[in-house]
Amino acid sequence: MQTTETPSPGQCGKTRFERLSTLIGRLSPFLLCGFVVGYGVVTWYLATQRLFWFDEFFTVHLSRLPGFDATWQALLMQADFNPPLFYELTRLSERLLGAGPAQIRLPSIVGFGVFCLCLYRFVSVRAPVFAAFVALLFPFATGIYWYAYEARAYGALLGFGGLSLVCWQLVAARTERRLWALIGLTVFLACGMLTHAYGVLFGLPLAMGELWRAVERKRIDWPVWIALAVSLAGIFPSFILLTSVLAAINEIQTTVFDASVAKLFDAYRSYLAPALGILLGGLALALFVPDREAGGGDRQRVPGHEYVALATFLLVPAVACAMAAVTGAPFMSRYGLPAVAGFSCLLGLGLRRRPAAAAGALALLVVQIFVGSVHLARNPTVIEPTTGYEVSNYSPHFMRRYGLMNSAANKDAPIVLLDNLDFLPTIYYAPEGLRDRLVYLPRRKGEVTGLAIPLFRKCCNVPGRTATDAELLEANREFYVYGTPRSSDKLNYFREAGATVTVESMTASHFLATVTRNPR
């Protein structure tokens, strides 16, 4: 009697995932197109909703100068720390598409999207399609998605860095496109350095991977090293600006930009804390889902030099922190963003031999990204990941504060703003008649905001002025003070000077007070 052999559950699972992986692979061009459209629509919408916050005004004002020469002179005057390419890209975006919050954020939107597509390309060469999509989507679950629609250089930097990573992979594979890949490697790395002062850190993992490749091959691939060396020309503008940057930091006499272990820890926390569940879930799936399901969708062995490069990406925040500590250059936790490239690709490659685990991780990512996008779209405020500053997505928030200021009885008295991160957006969105009355009170001599306002007035003709508590009391018998709860301690400046402070209105988000100079 002839019997039919019943396939084992493992064999059935293997066949099912083989077929599903093959189907997804065939549909991947359409899925990638869907990703581009979905990403563009959602991120553009978020960019139109979020109001500019303190850091973004450096880009807003510098990119709206008449040309490169004016921007470069402003940078030499310590108006910002970054080299000029990003401001040129932003200026081009607004000239082509018009002024607007999404238009000025377009270089970041495009750069971040290109970065994610490059991670997909890098992993897809070595892994099945599920794993490649994990690498594509993982950055959206981390804290760095904020920089996809912020008018700062980080999104554009990630885009140039992702392109250089793909070009290096092509160069190492010695394909027929090697010459173009070498040119791309040189140009994109240089553009990254011309975009952000720490752009050079995207070249470090590639150099370490190339060094390992030379050891493996027992010979040096000179064209690659020449390309890496030539790309370093892009760092020269940052060297020129470093002198003025250090002078500004010395004048400020603040610890805001100091490198520290606490900032280094905060860097990893801000990137990875939102994605910790995905990382742990992916690790658990990789450990407990059998390896035997890899058939059919498996790819070639991952070269050691690629693992070395990706592992070096994980150390980028530590290297950036060490560089800042040695040179005295400013350091913020967001300067180590390239680390996410390492985490994304290593997670995808870690799941390459387990399509079922990769599919599970991909499902977790899709759910988290969907929930997070809905939250961002519906929430009237969002929290900037490195400062904890609350940024509004809702312009009526500002209209309410202006209504409160206009309710003050004396329509000619100055209105003093106390919050150091709130002054620039408050004056930018203020109605014409109210704007000239706004004054910022620095917390101490040389404060960052206190320096930024005169610089913007000088190089960019931006309204706004500063004054000390003594100057205000000398020039005015009565004036008003507006602030947020975190700046309420500044009211003591006026009390200590002998003035009377009367709080007119106090809510959870703001207060308005009247300061009256007492007779001498």
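Residues numbered from 1 in each chain as written. Predicted model: local features only at pLDDT ≥ 70, side-chain atom pairs only at ≥ 80, totals over all residues. Heavy atoms only, no water.

### Regarding the overall build of the protein chain
Per the secondary structure count, the protein chain includes 24 helices and eight strands. Radius of gyration (C-alpha) of the protein chain: 26 Å, near the 24 Å computed for a compact globule of 520 residues. Seen along its three principal axes, the alpha-carbon backbone of the protein chain occupies a region of about 110 × 55 × 45 Å. Scored against the burial criterion, the 520 residues of the protein chain give a buried share of 55%. Summarising the internal contacts of the protein chain: among those between residues at least 6 apart in sequence, 77% fall at separations of at least 24. Where the 46 positive side-chain charges of the protein chain centre and where its 35 negative ones centre are 6 Å apart. (Helix = DSSP H or I, 4+ residues; strand = E, 2+ residues; numbered from the N terminus. Rg over C-alpha atoms; globule rule 2.2 N^0.38 Å. Buried < 20%, exposed > 50% of the residue type's maximum accessible area, 1.4 Å probe, protein only. Contact = heavy atoms within 4.5 Å. Lys, Arg positive; Asp, Glu negative; His and termini not counted. Charge placed at Lys NZ, Arg CZ, Asp CG, Glu CD.)

### Re helix α6 (residues 106-124)
The periodicity of an α-helix, 3.6 residues per turn, causes residues three or four places apart in sequence to face the same way. Along its 19 residues, α6 runs 27 Å from first to last C-alpha, staying within 8% of the 27 Å computed at 1.5 Å per residue. Among the 19 residues of α6, 15 are classified as buried, and the element is accordingly described as predominantly covered. (Expected span 1.5 Å × (residues − 1).)

### Some remarks on the sheet that holds strand β7 (residues 500-506)
Sheet architecture is open: six strands sit in the order β5-β4-β3-β6-β8-β7, paired in mixed fashion. Strand pairing shows two members of the sheet lacking a second neighbour, β5 (465-466) and β7, which therefore form its edges. Relative to strand β4 (residues 438-440), strand β3 (residues 415-417) runs parallel, the two being bridged by three bridges. Each residue of the ladder has a partner; that of Leu 417, found in β4, is Tyr 440. In the packing of helix α19 (residues 396-406) onto the sheet, contacts are made with β3, β4, β6 (478-483), β7 and β8 (511-516), and the angle to β6 comes to roughly 160 degrees. (Pairing = 2+ DSSP bridges. Axes fitted to C-alpha atoms, helices over the stretch in contact; angles between N-to-C directions.)

### Some details on the layout of surface pockets
One number sums up the size of the second largest pocket: a volume of about 560 Å³. Surrounding the second largest pocket, 22 residues form its lining, Thr 142, Gly 143, Pro 274, Leu 376 and Ile 383 being those nearest its centre. Secondary-structure elements contributing two or more residues to the lining of the second largest pocket are α7 (129-141), α13 (261-272), α18 (355-378) and β1 (381-383). Among the elements that line the lining of the second largest pocket, the one with the most residues is α18, at six residues. Taken together, the residues that form the lining of the second largest pocket break down as twelve nonpolar, nine polar and one charged. (1 Å grid on protein atoms, 1.4 Å probe; cavity = no way out; pocket = protein on both sides within 12 Å on 5 of 7 lines; lining within 4 Å. Points joined across faces, edges and corners; volume = space filled by probe spheres on them. Nonpolar A, V, L, I, M, F, W, Y, C, P; charged D, E, K, R; others polar.)

### Details of the environment of Phe 140
With respect to the helices, strands and loops of the structure, Phe 140 is situated in helix α7. Overall, the relative accessible area of 13% leaves Phe 140 in the buried class. For the pair Phe 140 and Phe 112, spaced 28 residues apart in sequence, the C-alpha to C-alpha distance is 9.8 Å. Once residues within four sequence positions are removed from consideration, Phe 140 is found in contact with Phe 35, Tyr 39, Phe 112, Cys 116, Tyr 145 and Ile 369.

### What to know about the nonpolar core
In this structure, Phe 112, Phe 140, Ile 144, Tyr 145 and Leu 185 are the most contacted members of the largest nonpolar core, which totals 149 residues. In terms of residue count, the dominant contributor to this core is α7 (twelve residues). Those residues within four positions of Phe 112 in sequence are excluded, and the remaining contacts are Tyr 39, Pro 139, Phe 140, Ile 144, Tyr 145, Ala 148, Gly 155 and Leu 158. In this structure, Val 439, Ala 467, Val 481 and Phe 511 belong to the second largest nonpolar core, which totals 16 residues. (Core = buried A, V, L, I, M, F, W, Y, C linked by side-chain atoms within 4.5 Å.)

### Quick look at the confidence of the model for the protein chain
Any residue range with low pLDDT should be treated as having predicted coordinates unsuitable for detailed reading. Mean pLDDT over the protein chain works out to 87, with 91% of the residues at or above the 70 mark. Element-level mean pLDDT values for the protein chain span from 75 in helix α22 (residues 448-460) up to 97 in α6. Here residues 1-13 scores under 50 on pLDDT; set against residues more than four positions off or in separate chains, the count is two contacts. Confidence drops under pLDDT 50 across residues 293-298; counting only partners more than four residues distant or on other chains, this segment forms 15 contacts. (pLDDT = per-residue confidence, 0-100.)

### Details of the pattern of salt bridges
Summed over the entire model, instances satisfying the criterion amount to 13 salt bridges. Put simply, Arg 152 and Asp 80 hold a salt bridge, and the shortest N to O gap is 2.9 Å. In this pair, Arg 152 sits in the loop between α7 and α8 (154-173) while Asp 80 sits in the loop between α3 (68-76) and α4 (85-97), placing the two residues 72 residues apart along the sequence. Take Arg 152 and Asp 80: they sit in the same class, and that class is buried. A salt bridge links Arg 213 to Asp 221; the shortest N-O distance between them is 2.9 Å. Each member of the pair, Arg 213 together with Asp 221, is buried. (Salt bridge = Lys/Arg side-chain N within 4 Å of Asp/Glu carboxyl O.)

### Some thoughts on empty space enclosed by the protein
Evaluation of the coordinates by the stated rule reveals one cavity of 30 Å³ or more. Space inside the largest cavity adds up to approximately 30 Å³. Forming the walls of the largest cavity are Leu 46, Gln 49, Arg 50, Tyr 149, Leu 376, Val 382 and Asn 393. Its residues assigned to classes, the lining of the largest cavity comprises four nonpolar, two polar and one charged.

### A look at unusual backbone geometry
Even without a glycine there, the phi angle at Gln 78 is positive, about 75 degrees. Phi at Lys 218 is positive, roughly 60 degrees, even though this residue is not glycine. Mapped onto the fold, Lys 218 is located in the loop between α10 (203-217) and α11 (222-231). Given the relative accessible area of 74%, Lys 218 is considered exposed.

### Details of helix α15 (residues 304-314)
Gly 304, His 305, Glu 306, Ala 309, Leu 310, Thr 312 and Phe 313 are the residues of α15 that are buried. Looking at the buried positions of α15, the neighbouring elements they touch are α6, α8, α10, α16 (316-327) and α17 (339-350).

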